[in-house]
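Now for the letters of each chain:
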Amino acid sequence: MISKTMQDALNAQINLEQYSAQLYLAMGAHCAGKSFKGFAHWLAVQASEETAHAAKLITFLLDRGGKLELQAIAAPPKDFGGVIQVFEQTLGHEKTITASINALFELARAEKDHASEIALQWYVTEQVEEEAGVGEIVDHLHAVGDQGGAIWYLDSKMGKRGKR
Ligand code: OFO
């Protein structure tokens, strides 16, 4: 049986993952509104991944006999600026999520909750990938700037995420 402290912390993380999905859906729509369909597609795929991250935590919580307590999902901002700003904000958000996962991992350790610690290892590794992937996009965007033809090339590349 999971402790109440761990249960509350996992419920809070589930809400954060759901917010991430909400945020990326909003960012994707923002990019689509500027006709950047590739960046919009990448963000929509990312939003689905975030929903899957929440679902995986929910399954774990329930498997441990915990209680799922869903909270209201905060509204994302309404404007995100240019595409470079969108991805800088994405990177900033992922860093926040990394900090939250690390804190959760530390809590599992402090509580001697081995099952949670092992389950959270997947998220620790995932955050390394998330930050590296988004960091690369930010670097590419800074290299091309948000004017000129190169950004449309990047847009078409981003549109291939998850496609063969
Ligand atoms: Fe769930 O990794 Fe991004 O937020």
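Source: prediction; values computed, not measured.

(A) Summary view of the overall build of the protein. Within the protein, the secondary structure is distributed over five helices and zero strands. Its helices and strands in sequence order give the protein the pattern α-α-α-α-α, from N to C terminus. Structurally, the protein occupies a C-alpha span of about 55 × 30 × 25 Å along its principal axes. Evaluated residue by residue, the protein yields a buried proportion of 45% over its 164 residues.

(B) Focus on the packing of aromatic side chains. Summed over all chains, the structure comprises five aromatic pairs. Measuring from centroid to centroid gives 4.4 Å for Phe36 and Trp152, while their planes differ by 25°, and the two rings are stacked. Taken together, the residues Phe36 in the loop between α1 (4-33) and α2 (37-63) and Trp152 in helix α5 (residues 150-158) connect sequence positions 116 residues apart. By relative accessible area, which is 42% here, Trp152 ends up partly exposed. A ring pair is formed by Phe39 and Phe87, whose centres lie 5.6 Å apart and whose planes are at 55°; its orientation type is tilted. Of this pair, Phe39 sits in helix α2 while Phe87 sits in helix α3 (residues 83-110), placing them 48 residues apart in sequence. For Phe39, a relative accessible area of 0% translates into the label buried. A relative accessible area of 0% places Phe87 in the buried class. Following the ring pairs from residue to residue traces out a cluster consisting of Phe36, Phe39, Trp42, Phe87 and Trp152. Sitting above the plane of the Trp122 ring, Lys56 keeps its charged end 4.5 Å from the centroid. Between the NZ or CZ atom of Arg161 and the centre of the ring of Trp42, over which it lies, the distance is 4.4 Å.

(C) Quick peek at helix α4 (residues 114-144). Under the 1.5 Å per step criterion, the end-to-end length of α4 is 46 Å for 31 residues, consistent within 8% with the ideal 45 Å. At Leu120, α4 is deflected by roughly 25°, the largest bend along its length. The complete set of buried residues in α4 reads Ser116, Glu117, Leu120, Tyr123, Glu126, Gln127, Glu130, Val134, Gly135, Ile137, Val138 and Leu141. Here the buried face of α4 lies against α1, α2, α3 and α5.

(D) Highlighting unusual backbone geometry. Here the phi dihedral of Ser35 falls at roughly 70°; this positive angle occurs in a residue that is not glycine. Relative to the helices and strands, Ser35 resides in the loop between α1 and α2. A positive phi angle, near 55°, is found at Lys112, a position not held by glycine. Summarising the element assignment, Lys112 is placed in the loop between α3 and α4. With relative accessibility at 66%, the residue Lys112 sits in the exposed group.

(E) Spotlight on the layout of surface pockets. Reported here for the largest pocket is a volume of approximately 270 Å³. As for the largest pocket, its lining consists of 15 residues, of which Trp42, Gly133, Val134, Glu136 and Ile137 are closest to the centre. Residue assignment for the lining of the largest pocket shows that the elements contributing at least two residues are α2, α4 and α5. With eight residues, α4 is the largest single contributor of residues to the lining of the largest pocket. Each residue belonging to the lining of the largest pocket can be placed in one class, and the counts come to five nonpolar, three polar and seven charged.

The rules behind the values
Residues numbered from 1 in each chain as written. Predicted model: local features only at pLDDT ≥ 70, side-chain atom pairs only at ≥ 80, totals over all residues. Heavy atoms only, no water. Helix = DSSP H or I, 4+ residues; strand = E, 2+ residues; numbered from the N terminus. Buried < 20%, exposed > 50% of the residue type's maximum accessible area, 1.4 Å probe, protein only. Phe/Tyr/Trp six-rings, centres within 6.5 Å; stacked < 30°, edge-to-face > 60°. Lys NZ or Arg CZ within 6 Å of the ring centre and 35° of its normal. Expected span 1.5 Å × (residues − 1). Bend = angle between axes of the 7 residues up to and from the residue. Contact = heavy atoms within 4.5 Å. 1 Å grid on protein atoms, 1.4 Å probe; cavity = no way out; pocket = protein on both sides within 12 Å on 5 of 7 lines; lining within 4 Å. Points joined across faces, edges and corners; volume = space filled by probe spheres on them. Nonpolar A, V, L, I, M, F, W, Y, C, P; charged D, E, K, R; others polar.

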